[in-house]
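# Examination of the molecular architecture
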Amino acid sequence: MNIKEVMEHENVDFTGIETPYFLLGLLSAFDNRFQAMADKVMEEISWKQFFAIICINLCKESPTIKELSEIMGSSHQNVKQILLKLEKKGFVNISVDEDDKRKQRVILTEKCIEFCNRNDENSSMAVKSIFEGISEKELLITIHTIIHMEENLKAL
């Protein structure tokens, strides 16, 4: 399916919209739809909270809030609010760094690890469904494109 077919398929008039604008809108709409679906699947926590947990898990050691903000691509203030909600639910502990008292580190709790283990199968099934029929080559091209877009964004 090409861009023209996609544009004609939707119940919207995309006449005159350049492809880059269409892609940005498509990414934004997908993000909204994905977040709504993920919020329903996760039940106890929101998608943004779960995304923070995923990003914490990517780190070799407990990240600082600043490091986590950079990984998530969000402001320090937004990430701090997400973490405070997770801390209130018992999913993370925020503690002062032993070496630098100005920094706060984020540590996943046993409750969080158990939650992730319980929800692993549902998450895997949802992701598998989303990417059904999409080849590894298509995924790699998409990843490359988005990374390139992000590099260009940082240069602005």
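Before going into details, it helps to say that this report is about the structure given with it. What you see is a predicted model, and the numbers here were worked out from it, not measured in a lab.

## Brief notes about the overall build of the protein
- From N to C terminus, the protein includes seven helices and two strands.
- Each helix and strand of the protein, placed in order from N terminus to C terminus, yields the pattern α-α-α-α-α-β-β-α-α.
- Taken along the three principal axes of its C-alpha coordinates, the protein extends 55 × 40 × 30 Å.
- Counting all 156 residues of the protein, 25% fall into the buried class.

## Digging into the packing of helix 2 (residues 19–42) against helix 6 (residues 110–130)
- Contact pair helix 2 / helix 6: the axes reach a minimum separation of 11 Å and the direction vectors enclose 145°. The handedness of the crossing between helix 2 and helix 6 is right-handed. Taken together, the residues of helix 6 that come into contact with helix 2 (itself represented by Phe-30, Phe-34, Met-37, Val-41 and Met-42) are Phe-115, Asn-119, Asn-122, Ser-123 and Ile-130.
- Broken down by class, the residue content of the contact of helix 2 with helix 6 amounts to seven nonpolar, three polar and no charged.

## Overview of the packing of aromatic side chains
- Counted by the stated rule, this structure contains six aromatic pairs.
- Considering the side-chain rings of Phe-34 and Trp-47, the 4.8 Å spacing of their centres and the 90° angle between planes classify their relative orientation as edge-to-face. Of this pair, Phe-34 sits in helix 2 while Trp-47 sits in helix 3 (residues 47–58), and the two are 13 residues apart along the sequence.
- Three or more aromatic residues joined by ring pairs form one cluster here, namely Phe-30, Phe-34, Trp-47, Phe-50, Phe-51, Phe-91 and Phe-115.

## Side note on the environment of Lys-66
- By secondary structure assignment, the location of Lys-66 is in helix 4 (residues 65–72).
- Given a relative accessible area of 57%, Lys-66 falls into the exposed group.
- Sequence separation between Lys-66 and Gln-104 is 38 residues, and the spatial gap between their C-alpha atoms is 8.5 Å.

## Examining the pattern of salt bridges
- Counted by the stated rule, this structure contains four salt bridges.
- Between Arg-118 and Glu-44 there is a salt bridge whose closest N-O contact spans 3.0 Å. Separated by 74 residues along the polypeptide, Arg-118 in helix 6 and Glu-44 in the loop between helix 2 and helix 3 bring together distant segments of the chain.
- A salt bridge links Glu-67 to Arg-105; the shortest N-O distance between them is 3.7 Å. Note that Glu-67 is positioned in helix 4 and Arg-105 in strand 2 (residues 104–108), a separation of 38 residues in sequence.
- Classification of Glu-67 as partly exposed rests on a relative accessible area of 34%.
- For Arg-105, a relative accessible area of 16% corresponds to the buried category.
- One salt-bridge network, held together by shared partners, links Glu-67, Asp-97 and Arg-105.

## A closer look at the side chain of Arg-105
- Engagement of the side chain of Arg-105 in a polar contact is seen with the backbone oxygen of Ser-62, the distance being 2.6 Å.
- With sequence-adjacent residues up to four places away left out, Arg-105 is seen in contact with Glu-61, Ser-62, Pro-63, Thr-64, Glu-67, Asn-93, Ile-94, Ser-95 and Asp-97.

## As for the nonpolar core
- Within the largest apolar cluster, 25 residues are counted, with the highest numbers of intra-cluster contacts made by Ile-45, Ile-53, Leu-68, Leu-83 and Leu-86.
- Elements that contribute at least two residues to this core include exactly helix 2, helix 3, helix 4, helix 5 (76–88), strand 1 (92–96), strand 2 and helix 6.
- The leading source of residues in this core is helix 3, at six residues.
- When neighbours within four sequence positions are excluded, Leu-86 is seen to be in contact with Ile-45, Gln-49, Ala-52, Ile-53, Phe-91 and Val-92.

About the criteria used
- In this convention, every chain numbers its residues from 1, walking through the sequence in written order.
- Local features in a predicted model are, by the rule used here, given only for residues with pLDDT of at least 70; side-chain atom pairs are given and counted only at 80 or more, and totals for whole chains, interfaces and linings are based on all residues.
- With hydrogens and water set aside, each side-chain value is computed from the structure's full complement of heavy atoms.
- Helix numbering and strand numbering both begin at the N terminus, where a helix is a DSSP run of H or I of at least 4 residues and a strand a DSSP run of E of at least 2.
- Throughout this description, buried means an accessible area under 20% of the type-specific maximum (1.4 Å probe, protein chains only), exposed means over 50%, and partly exposed covers the range between.
- Axis definition: a line fitted to C-alpha atoms, limited for helices to the stretch in contact. Angles are taken between N-to-C directions and run from 0 to 180 degrees.
- Crossing chirality is assigned from the near helix's rotation relative to the far helix, an anticlockwise turn below a right angle marking it left-handed and a clockwise turn marking it right-handed.
- By definition, residues are in contact when any of their heavy atoms lie within 4.5 Å.
- Each residue receives one of three labels: charged for Asp, Glu, Lys and Arg, nonpolar for Ala, Val, Leu, Ile, Met, Phe, Trp, Tyr, Cys and Pro, and polar for the others, Gly being one of them.
- Stacked, tilted and edge-to-face pairs are distinguished by plane angle, under 30 degrees for stacked and over 60 for edge-to-face with tilted covering the rest, among Phe, Tyr and Trp rings (Trp via its six-membered ring) whose centres lie within 6.5 Å.
- Salt bridges are identified by distance alone: a Lys or Arg side-chain nitrogen within 4 Å of an Asp or Glu carboxyl oxygen.
- Whenever two N or O atoms come within 3.5 Å, that pair is a polar contact, provided that in protein one can donate a hydrogen and the other can accept it, and provided that, for residues adjacent in sequence, both atoms are side-chain atoms.
- The definition of a nonpolar core used throughout is a set of buried Ala, Val, Leu, Ile, Met, Phe, Trp, Tyr and Cys residues joined through side-chain atoms within 4.5 Å.

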